[in-house]
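Below, each chain spelled out in residue letters.
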Amino acid sequence: SEWEGGELEDAGYLKEDILSTVQMAKIGNIIRLIKEHYGEEIHTELIPLDEPAVYKMFCEGITQDVFHFGTPGLTTYLNSVQPKELEDLIAANALYRPGTMLSETHMEYVQLKNGIREPVYDFGLESVTKNTYGLYIYQEQIMKAVQVLGGFTLAEANGVRKAMGKKIKAKMDEYGARFIQGATAKGCPLDEAEKIWNKLQVFSSYGFNKS
């Protein structure tokens, strides 16, 4: 269409980014050639998500031809993360980006994951950041945090995500006041509620979606 994403959404269309098409075609050709030369059929959907041999390769940085994980910097980062499950790979992909690297959140995650530091959880939000050791990494965590602690509905939480992404100050001020009011009503001290809201806003400048 040659329309920008924002224009498409304003006109009522759903915008989707279709990624990794070249890589998928390459994998398809590899599977075809294996069948042609060796008579063996490979079904990628049958490979378990906890296959140890795969994670061993990720830990060693043997990922040069894996979509999103093939850059030299990310292969080095994987050596530090030492991923053992899919959740670790999702986090590494979200953390090795300019914003999180500038704030050194990516190395903070390594220290927490490897037990060098103990995680600290915000008031009432341990369930939201348990899998990321108290860090906010994904947009979905922001939505869940304002729902759990601020009392927002899921639809309103999605509105917060959009306002943060587009940096709409008037909306953010409105949402911030509501979040602090909702959090304090649930027993969170005022100063801590304000700190949590500020933390969520800082995150919004580099947050990545887990999905």
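Described in the following lines is the structure provided in the data block.

What counts as what
Residues numbered from 1 in each chain as written. Predicted model: local features only at pLDDT ≥ 70, side-chain atom pairs only at ≥ 80, totals over all residues. Heavy atoms only, no water. Helix = DSSP H or I, 4+ residues; strand = E, 2+ residues; numbered from the N terminus. Buried < 20%, exposed > 50% of the residue type's maximum accessible area, 1.4 Å probe, protein only. Phe/Tyr/Trp six-rings, centres within 6.5 Å; stacked < 30°, edge-to-face > 60°. 1 Å grid on protein atoms, 1.4 Å probe; cavity = no way out; pocket = protein on both sides within 12 Å on 5 of 7 lines; lining within 4 Å. Points joined across faces, edges and corners; volume = space filled by probe spheres on them. Core = buried A, V, L, I, M, F, W, Y, C linked by side-chain atoms within 4.5 Å. Contact = heavy atoms within 4.5 Å.

A look at the environment of Ala25
Take Ala25: it is sitting in helix H2 (residues 21-38). Relative accessible area serves as the criterion here: at 42%, Ala25 is assigned to the partly exposed category. Separated by 172 residues in sequence, Ala25 and Trp197 have C-alpha atoms that sit 43 Å apart.

Things to note about the packing of aromatic side chains
Per the counting criterion, the structure on display carries 6 aromatic pairs. Seen from their ring centres, Tyr109 and Tyr133 are 5.5 Å apart, and the 65° between their planes marks the pair as edge-to-face. In this pair, Tyr109 sits in helix H7 (residues 105-113) while Tyr133 sits in the loop between helix H8 (126-129) and helix H9 (139-148), placing the two residues 24 residues apart along the sequence. With relative accessibility at 1%, the residue Tyr109 sits in the buried group.

Considerations on the layout of surface pockets
Each pocket or cavity is described by its volume, and for the largest pocket that value is around 1,400 Å³. Estimated volume of the second largest pocket: approximately 700 Å³. What lines the second largest pocket is a set of 19 residues, and nearest its centre among them are Glu9, Lys15, Gln139, Arg161 and Asn209. Taken together, the elements giving at least two residues each to the lining of the second largest pocket come down to helix H1 (5-10), H9, helix H10 (154-166) and helix H12 (190-204).

A look at the nonpolar core
Tyr136, Val146, Phe179, Ile196, Trp197 and Leu200 are the most contacted members of the largest nonpolar core, which has 25 residues in total. If you list the elements that add at least two residues to this core, you get H9, H10, helix H11 (169-185) and H12. Not counting residues up to four positions away in its chain, the partners in contact with Tyr136 are Asp122, Leu125, Thr129, Gln141, Ile142, Ala145, Ile196, Lys199, Leu200 and Phe203. In terms of nonpolar packing, the next biggest core, distinct from the first, is built from 18 residues, Phe58, Leu95, Val110 and Leu135 among them.

Just geometry here; none of it tells us what the structure is for.
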